[in-house]
Amino acid sequence: MEVTSRTGTAPLELDEFAYDNKIVRNFAFATVIWGGVGMLVGLLAAFQLAYPDLNFDLPYTTFGRIRPLHTNAVIFAFVGNGFFTGLYYAAPRVLKTPMYSKLLGQVHFWGWQAIIVAAAITLPLGITSSKEYAELEWPIDIAIAIVWLVGTCNLIMTMIHRRTKHIYAAVWFFIASYVTVALLHVVNNLEIPISFTKSYSIYAGVQDALVQWWYGHNAVAFVLTTPYLGLMYYFLPKAANRPIYSYRLSIVHFWSLIFIYIWAGPHHLLYTALPDWAQSLGTAFSIMLLAPSWGGMINGLMTLRGAWDKVRDDVVLKFMVVAVTAYGMATFEGPMLSLKNVSAIAHYTDWIVAHVHVGALGWNGFLTFGMLYWLFPRLYNRPLYSPKLANFHFWIATLGILFYAIPMYWAGWVQSAMWKEFTEDGFLKYPNFLETVTQLIPYYILRGVGGTLYLIGWATMIYNLFKTAQAGKLKAEDRAQAPSLATLQHQEAGEYWHRRWFERKPVLLTVMSLVVVAIGGIVEMIPTFMVSSNIPTISSVKPYTPLELQGRDLYIREGCYTCHSQMIRPFRDEIERYGEYSKAGEFIYDFPFQWGSKRTGPDLHRIGGKYPDSWHYNHMEDPTSMSPGSIMPRYPWLLDDDLDTSNTRAKINAMRILGVPYEKGFENEANENLMAQAAIIVESLGDAGIKTRPDKEIVALIAYLQRLGTDIKAEIR
Amino acid sequence: MKFRNYLDTIADIGIYPLVSLLLFFVFFLGLLWYVLTMNKKEAGEQAAIPLDDGTQLKRTVLTVLFGLTAFTGNAQRTSGETVAGNPELVLTLAIVGFIFMGIILLFIMVQTIRISRHLTYRERPEKVSQPLFSNAWWRKFSGVSTPVDDEEKILIQGHEYDGIQELDNRMPPWLSFLFQGTILFAVVYMVIYHGLKIADLPEAELARELQRAEIQKAAFLERAGALIDENSVEVTTDAAALETGKSLYLANCAACHGPEGEGTVGPNLTDAYWLHGGGIQNLFKTIKYGVPEKGMIAWEKQLKPQEIQFVSSYILTLAGTNPANSKEAQGELWEEEMAAER
């Protein structure tokens, strides 16, 4: 084949090359398998809330450790691998060159799977940093950074070695996702290790919260959203065989989306102790995020213009249409939720759970399914084994989403309304928090049913894809040919600015993406760190004692933050229920912060001194003994296991490096101090007829719980 | 209904009627402008449409019906939530509901206009070009000004990636307006909260919420006081209540019964003899309804039930104080009471 260049008449030499399909197949398999694991674990977590016996009284299977496993598996193992599947298929084809390095691809694939396995082992073991979606400990964090950079380099080099003059929109989204996640991951996971399996975040309290939700929100943006927009820009027009609706729109929405998204993190912290100006910025930018987000939806849906008849018949397009629509719904709901008066109702409730699952099940799930059903016949050179079964998958999964989302929305509204209701003579209508929880159990069961339906759909997909693969044979590579870039690299007169500046210069595109996303974070973080008036100090707030510090680490290990917040918002019902609202200055020694994001159980910030030690002891042994009907898991091992005090010294030293004012030499007497405090608690337990030893884990946990929120009680008369 | 009470608890509730007034005003201005600028001849033609075409009529009716179902469905949801009993939630749902209804109404109107226009010009399609809500305008606004068949014209040359091409459509104007609108919102939001500081930040909001709760609680307790009557009334020994009772006594009763209850025009209230029965319940009844034939007026319109309770309780504390210039005993000895005293 010969083509002629635009300017000359001389025939061009064509390079011959081949796209590697094996790596795509590998990532696709990983997506399917890890997706199943992630959803199964999610299903377990869902039913644990309705049937607490499903916690099995084992540390490894309690909700507090299972929930992080679920979120990490779905975000990084399912969606992460889904992203790479699409990237390794689409990027080479739109850049007309194989991926730069097969070896880097192999390292990327196996490295990523090894990280997932490591996560699946360490999280149930309670090895966690407790920062949501960033729970993995520091050695794994480093591995993630390395593997991620390997993937990033592979893409940048592929862009440089491309055989197209310009870089297509899908790749803009890929590269922006890569560099932004790298930035987010590194900044949020800066921590001081004290052992191979334990570290402390270098940020405390309010600052840690700001950094964490800057990360957490943008993990949603740059792992769940922009990579999948990139996939949409490739697989949707391919499947529909239609041109992209608007090139200009893709430019506007790409840059505005990545610029604005990064600012929106503080909307997870409305009404908390975060400085007001940062909260307001979070709200303002979240509102501005609506149109850029919808730009993606519009470009997707309008691309189907003139192909809607195909949507009726083609299951791939059906999945994609619902995916894009779910994306549109979730990105409309997001800005609404970040309005303060809506957040006041929705935050800490199941409304948020419903919201994220519309995104995860609808947008990410359905786009992945659509992509896989499109991809497998092409990888295996065989039509899909059963379009009928795929159709069944589509309908049962849609039904699953409805069964999941509707009860969760309802549960959120019910619980929030119950929390806030007062009787006319000024008392809480439901003073017992548990009443507002047991109310929700039927909804939790329905939600589990929804999840089951979704999972059944996923199982049919595995079967369908397996049969397709079995009937065909893997096309290890697709051969292609194209003229080299050098022959195309000439200046065009009147070339559109965006094409001249960004679409021809991969490094500039990469760097600019990074610059654009860095701005929001810098503007929000630097003042919070530097300006002391943002976190007014409270003189009565003192560092934790060694025993309390150990207890706090147990609180982190058991994932208590997955169900309990430590942030009392300035609302009448919350100060009535929990006590004085939380102040920024109270958290200055909290490395990392434990504010939480969901109240399946009550807030614990002022739990200190509310109950006797013996109450906590009995409650941890069996929550229903103190709160009949409680859905909290039992923690019998805390009563039996000995507290590891060998690391007390290292912990005190690490805290001192972070700026906690322990006296010089305190690390040497830390364990004595610890035992002395433990002895007092053991004595008080003894008075209540409970015999235990001071070196048990439960004693440390009680010490921590009894300290919580008590420091400022002296201060507020 | 409860709903009204919930609305009362919302801060600055007064702003909402103003906003709706403004919305209506703008709406009517727009309508006026439309009417003034519209083609009079066309209006006449539209008015003269014979509604003989079954299919078109059906479409119109169906559109309206669809709108109405959505209406009621939404109204139900909005009122159903009040059971949950949360003012902010109710407000949010109500506002969303109203906006939704507004959009549906607008949709119905536009559809109606379009259909009627379509009817008018069915035979003469070349005339379908109108100043407002014309097809062309609508297509442009929603971003589909180029028909699918003419797409070739806006296919961008040289944009081809693995077979994917790109069209040169502009960003749909509605989306662009939405974007500009949200930017404006964000700026105004920051200015209101942090520039002009005219909206409450969380701490001030809490203070107001607590203040509101106090008022509400006081109002309730007052209403609860309203439930006291001569059968349920009990003596109160609360010092503050007795103090109130005393001042009420001095202001209203002392003229006739003497500042110390010694009796002047009216009878002595410090002895054990009562004309209309002693004890808190009889006292309450006498004060409330009065004994007009003997000069004691009915106080029920001037004193609240609780105030009557306070003043009666205060009077009972005067028993046996024997002030100077005591009037002679009148009526009958109140035995039970005296027995209880001893």
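Residues numbered from 1 in each chain as written. Chains lettered and ligands numbered in written order. Predicted model: local features only at pLDDT ≥ 70, side-chain atom pairs only at ≥ 80, totals over all residues.

Observations concerning the overall build of chain A
And then number 1: When helices and strands are tallied, chain A shows 27 helices and four strands.
And then number 2: The globule rule puts the C-alpha radius of gyration for 717 residues at 27 Å, and the 27 Å found for chain A is close to it.
And then number 3: When the backbone C-alpha atoms are referred to their principal axes, chain A occupies close to 95 × 55 × 45 Å.
And then number 4: Every one of the 717 residues in chain A was classed for burial, and the buried ones make up 57%.
And then number 5: For chain A, contacts bridging at least 24 residues in sequence account for 83% of all contacts bridging at least 6. (Helix = DSSP H or I, 4+ residues; strand = E, 2+ residues; numbered from the N terminus. Rg over C-alpha atoms; globule rule 2.2 N^0.38 Å. Buried ≥ 20, exposed ≤ 12 C-beta atoms within 10 Å, placed from the backbone. Contact = placed C-beta atoms within 7 Å.)

As for the overall build of chain B
And then number 1: Counting its regular elements, chain B contains 13 helices and four strands.
And then number 2: Classification of the 342 residues of chain B by burial places 15% in the buried group.
And then number 3: Summarising the internal contacts of chain B: among those between residues at least 6 apart in sequence, 65% fall at separations of at least 24.

Structural notes on the interface of chain A and chain B
Much of the literature gives interface size as the accessible area that the parts lose upon coming together.
And then number 1: In this complex, chain A contributes 47 residues to the contact, which on the side of chain B involves 45 residues.
And then number 2: Breaking the side of chain A that touches chain B down by element, the ones donating at least two residues are α2 (63-95), α6 (205-240), α7 (247-261), α8 (276-288), α9 (290-303), α12 (340-346) and α14 (387-420) of chain A.
And then number 3: Sort the elements by how many residues they give to the side of chain A that touches chain B and α8(A) lands first, with eight residues.
And then number 4: Tallied by class, the residues present in the side of chain A that touches chain B amount to 28 nonpolar, nine polar and 10 charged. (Nonpolar A, V, L, I, M, F, W, Y, C, P; charged D, E, K, R; others polar.)

Observations concerning the pairing of strand β1 (residues 155-161) of chain B
And then number 1: Inspection of the sheet shows β1(B) paired to strand β2 (residues 164-167) of chain B by three bridges, in the antiparallel sense. Of the residues in β2(B), the one forming a bridge with Tyr161(B) is Ile164(B). (Pairing = 2+ DSSP bridges.)

With respect to unusual backbone geometry
Residue and element names in this part refer to chain A.
And then number 1: With an omega of -10°, the peptide bond between Phe 591 and Pro 592 qualifies as cis.
And then number 2: One non-glycine residue with positive phi stands out, namely Lys 96, at about 55°.
And then number 3: Looking at the element boundaries, Lys 96 is found in the loop between α2 and α3 (102-122).
And then number 4: Backbone geometry at Tyr 133 places phi at a positive 65°, although glycine is not the residue there.
And then number 5: Topologically, Tyr 133 is positioned in the loop between α3 and α4 (138-160).

Here we look at the packing of helix α22 (residues 613-621) of chain A against helix α27 (residues 697-707) of chain A
All names here are of chain A.
And then number 1: Contact geometry for α22 and α27: axes closest at 10 Å, N-to-C directions at 125°. It follows that α22 is oblique to α27 by the angle criterion. Two packed elements cross with a definite hand, and for α22 against α27 that hand is right-handed. For the pair α22 and α27, contact is made by Asp 613, His 616, Tyr 617 and Met 620 and by Ile 698, Leu 701, Ile 702, Leu 705 and Gln 706, respectively.
And then number 2: Considered class by class, the residues forming the contact of α22 with α27 number six nonpolar, two polar and one charged. (Axes fitted to C-alpha atoms, helices over the stretch in contact; angles between N-to-C directions. Parallel < 35°, antiparallel > 145°, perpendicular 65-115°, else oblique. Left-handed = near helix turned anticlockwise from the far one by under 90°.)

Quick notes on the packing of α9(A) against helix α11 (residues 315-337) of chain A
Residues and elements named next belong to chain A.
And then number 1: The geometry of α9 relative to α11 is characterised by a closest axis approach of 9 Å and an angle of 170° between their N-to-C directions. One element, α9, and the other, α11, form an angle in the roughly antiparallel class. Counting all contacts with α9, which are made through Leu 290, Ser 293, Trp 294, Gly 296, Met 297, Gly 300 and Leu 301, the residues of α11 involved are Val 324, Tyr 327, Gly 328, Thr 331, Phe 332 and Pro 335.
And then number 2: Broken down by class, the residue content of the contact of α9 with α11 amounts to eight nonpolar, five polar and no charged.

Some details on the environment of Gln106(A)
And then number 1: Here Gln106(A) shows up in helix α3.
And then number 2: In this structure the C-alpha to C-alpha distance between Gln106(A) and Val150(A), which are 44 residues apart in sequence, comes to 9.9 Å.

Thoughts on the nonpolar core
And then number 1: Within the largest apolar cluster, 237 residues are counted, with the highest numbers of intra-cluster contacts made by Ala170(A), Val171(A), Phe319(A), Met320(A), Ala323(A), Tyr373(A) and Leu701(A).
And then number 2: Take this core: its biggest share by element is 23 residues, from α6(A).
And then number 3: Dropping the residues within four chain positions of it, Ala323(A) is found in contact with Gly362(A), Trp363(A), Phe366(A), Leu367(A) and Gly370(A).
And then number 4: With 13 residues, the next largest nonpolar core counts Leu283(B), Phe284(B), Phe310(B) and Leu318(B) among its residues. (Core = buried A, V, L, I, M, F, W, Y, C linked by C-beta atoms within 7 Å.)

A few points about the environment of His217(A)
Residue and element names in this part refer to chain A.
And then number 1: The topology assignment puts His 217 in helix α6.
And then number 2: C-beta crowding within 10 Å serves as the criterion here: with 25 such atoms nearby, His 217 is assigned to the buried category.
And then number 3: Spatially, the C-alpha atom of His 217 lies 5.1 Å from that of Gly 265, the residues being 48 residues apart in sequence.
And then number 4: In contact with His 217, other than residues within four places in its own chain, are Ala 264, Gly 265 and His 268.

Focus on the confidence of the model for chain B
All names here are of chain B.
And then number 1: Residue-level pLDDT values for chain B average 78, and 75% of them are 70 or greater.
And then number 2: The low-confidence segment residues 70-85, where pLDDT is below 50, has 24 contacts with residues more than four positions distant or belonging to other chains.
And then number 3: Both scores are available for the predicted complex, with the pTM at 0.81 and the ipTM at 0.91. (pLDDT = per-residue confidence, 0-100.)

Topic: the environment of Lys696(A)
Residue and element names in this part refer to chain A.
And then number 1: Counting through the fold element by element, Lys 696 comes out in the loop between α26 (666-687) and α27.
And then number 2: In this structure, the C-alpha to C-alpha distance between Lys 696 and Asp 641, residues 55 residues apart in sequence, is 5.8 Å.
And then number 3: Ignoring any residue separated from it by four or fewer positions in sequence, one finds Lys 696 in contact with Leu 639, Asp 642 and Leu 643.

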